[in-house]
Amino acid sequence: MTVAEPHTTLRLNVNGISHTVEVPDRRLLSDVLRHDLGLTGTHVGCEHGVCGACTVRFDGAPVRSCLVFAASAQGHEITTVEGIGRDPEHPSDVQQAFIDCHGLQCGFCTPGFITTIDAFLDENPNPSEDEAREAVSGNLCRCTGYQNIVEP
Amino acid sequence: MKPSPFTMHRPTTLDEALELLRAYGAKGKVIAGGQSLVPVLNMRLAAPEHLIDITALTGLDGISVAEGSVEVGALVTHRRLERSPEARAAQPLLRAALGCVAHPAIRNRGTTVGSLAHADPNGEMPAILALTGGWVTARGDSGERRIGWEDFNVGPLETSLEPHELLTSATFPALAPGQRGGFKELTRRTGDYALAGVGMILTIENETMTGLRASFVSVTDMPVVVDLGEAVAGVPVAAADSAAPAVAAAVEACVDPVGDIHATADYRRRLAGVLAGRLLEELAQPPAGSAQPRDSLAPAEGAA
């Protein structure tokens, strides 16, 4: 016998747009963003908070979307990598810098870096190299060795 | 890596939360920031039938510094507490240790009180609550009760909180005049769990060390406070480095860590001693300003 698992209708504010979705209570914010809203820019790596690929801005602050249930995101403003920069033709300064400085290779970790760095530079527009390294210490990148991401 | 099914409850008042706990507490878990709980659920190490999300409650997000202590509401994130100048001035150990709690993105969501409730021996904040002689405040069926750190921690990942109770705050006593506090840990990678960590409060009278106590992270299976006063008593602060080997030896004699894939028991014991000796030397350095209590030491040695 299968029992239908609990679902709830949620209203989520993502990139300035209000969405209504009906999802299982256990659905992670990362999965709602990708599966229910089609915002596949948020990448899912480790699903236990280590890799940083799923990082989104949660009321402005970088947060792991794989460690937040979608239900708990109600009433908060979520910004994904799609909400940073106007559109693919007009990337933000951080996104353009990643392109110009070869800050990525495979690109899997990049959305998490962009959201993390976008929030960091809002708070600290002129960081030292140490501060920059500390800011991205929670994001894993297996291609660049970080040098091109951190380089001034 | 998805949690098993559960019913999510999202109360908006404390009474509603307590009612839900009465009904579901035994089969459920309270979730605040969830930065330790969600990995546990994602890996299915636990499968509660109900989750009670307290993040929509109001009135639990205050930091109040008064009467010689710092009281931290259940919804205060690590990051907010880390950045509170008042909390830092009253109890510098808070900031020193919070800077070592995982990564900034985890601290943005994780709560300090939640980390105490999780009671992980690898967590920094249970050790700091113990070292400062702090307590937690819980609300439940029989009203409010205050639980001292010694009674709160009953085992690894285990507390004396009843299923119908909710932690509403934690209180960390401030440093007294003449006391200095610091924290140090070693991690394999920035932001990882510590291989070993040590927090210390050093008491100084007339430029002479008169007391020293310590607590540990990833070294003891639950928080303990060790009195190391004998190893430093009567030694001038200026000669603290001469007491460091005795402090290290005293620590190594009294801790009994377990080995795991990351470090053997012997290595952890040695590391705890070495970190304690180094931390003593750092605490004995003349304070940068003349203000007492001394400002926090920067988290060091691979701390996040």
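- As recorded in an unreviewed UniProt entry, chain B goes by the name Xanthine dehydrogenase family protein subunit M, listed as coming from Brevibacterium rongguiense.

- For chain A, the name recorded in an unreviewed UniProt entry is 2Fe-2S iron-sulfur cluster binding domain-containing protein, with Brevibacterium rongguiense as its organism.
- The record in UniProt for chain A states the following under Pathway (unreviewed entry): "Alkaloid degradation; nicotine degradation."

Here's the deal with the domain arrangement of chain B
Residue and element names in this part refer to chain B.
Next, step 1: Here chain B is described as being made up of domain 1 (7–53), domain 2 (63–173) and domain 3 (179–284).
Next, step 2: For domain 2 versus domain 3, the separation of C-alpha centres amounts to 21 Å.
Next, step 3: Each side of the interface is counted separately: domain 2 has 22 residues, and domain 3 has 22 residues.
Next, step 4: For the pair domain 2 and domain 3, the summed buried surface comes to about 1,800 Å²; carbon and sulfur atoms form 67% of the total.
Next, step 5: The three residues of domain 2 that bury the most area against domain 3 are Pro121, Asn122 and Leu131, which together make up 31% of that side's buried surface.

Regarding the pattern of salt bridges
Next, step 1: Taken as a whole and judged by the stated rule, the model has 20 salt bridges over all chains.
Next, step 2: Of the charged contacts, one joins Lys2 of chain B and Glu47 of chain A as a salt bridge, the two residues approaching to 2.5 Å between their closest N and O atoms. Of this pair, Lys2 of chain B sits in the segment before β1 (7–9) while Glu47 of chain A is found in the loop between α1 (29–36) and β3 (55–58), placing the two residues in two different chains.
Next, step 3: Taking relative accessible area as the criterion, Lys2 of chain B reaches 32% and is therefore assigned partly exposed.
Next, step 4: The shortest N-O distance in the salt bridge between Glu129 of chain A and Arg133 of chain A comes to 3.2 Å. Note that Glu129 of chain A and Arg133 of chain A are positioned in helix α4 (residues 129–135) at a spacing of four residues, about one turn of the helix.
Next, step 5: With relative accessibility at 30%, the residue Arg133 of chain A sits in the partly exposed group.
Next, step 6: A single salt-bridge network, built from bridges that share partners, covers Glu134 of chain A together with Arg79, Glu82 and Arg107 of chain B.

Observations concerning helix α2 (residues 93–100) of chain A
Residues and elements named next belong to chain A.
Next, step 1: Taken together, the buried positions of α2 are Val94, Gln95 and Phe98. With its buried residues spanning 100° around the axis, α2 presents them on a single face. Pointing more than 90 degrees away from the buried face of α2 are the exposed residues Asp93, Ile99 and Asp100.
Next, step 2: Downstream of α2 by one or two residues, His102 has phi in the positive range, about 55°.

Side note on the side chain of Thr80 of chain A
Residues and elements named next belong to chain A.
Next, step 1: Relative to the helices and strands, Thr80 resides in the loop between β5 (77–79) and α2.
Next, step 2: A relative accessible area of 0% means that Thr80 is categorised as buried.
Next, step 3: A polar side-chain atom of Thr80 sits 2.6 Å from a polar atom in the side chain of Glu82.
Next, step 4: Beyond its immediate stretch of four places on either side in the chain, Thr80 contacts Val14, Asn15, Leu33, Leu39, Thr42, Val56 and Thr115.

Some points on the pairing of strand β6 (residues 135–140) of chain B
Regular strands show a simple pattern: their side chains alternate between the two faces of the sheet.
All names here are of chain B.
Next, step 1: Most of β6 is tucked away: five of the six residues are buried.
Next, step 2: Looking at chain direction, β6 and strand β7 (residues 143–148) are connected through six bridges and run antiparallel. Of the residues in β7, the one forming a bridge with Gly140 is Gly143.
Next, step 3: Counting the residues that bridge the hairpin from β6 to β7 gives two residues.
Next, step 4: Relative to strand β10 (residues 166–173), β6 runs antiparallel, the two sharing five bridges. Pairing of Thr137 across the sheet is with Ser169, part of β10.

Criteria and thresholds
Residues numbered from 1 in each chain as written. Chains lettered and ligands numbered in written order. Predicted model: local features only at pLDDT ≥ 70, side-chain atom pairs only at ≥ 80, totals over all residues. Heavy atoms only, no water. UniProt positions renumbered as here; feature names shortened; annotations may be inferred. Domains from an automatic or database assignment. Contact = heavy atoms within 4.5 Å. Buried area = accessible area lost by both parts, 1.4 Å probe. Salt bridge = Lys/Arg side-chain N within 4 Å of Asp/Glu carboxyl O. Helix = DSSP H or I, 4+ residues; strand = E, 2+ residues; numbered from the N terminus. Buried < 20%, exposed > 50% of the residue type's maximum accessible area, 1.4 Å probe, protein only. Arc of directions from axis to C-beta. Polar contact = N/O pair within 3.5 Å; in protein donor to acceptor, adjacent residues only side chain to side chain. Pairing = 2+ DSSP bridges.

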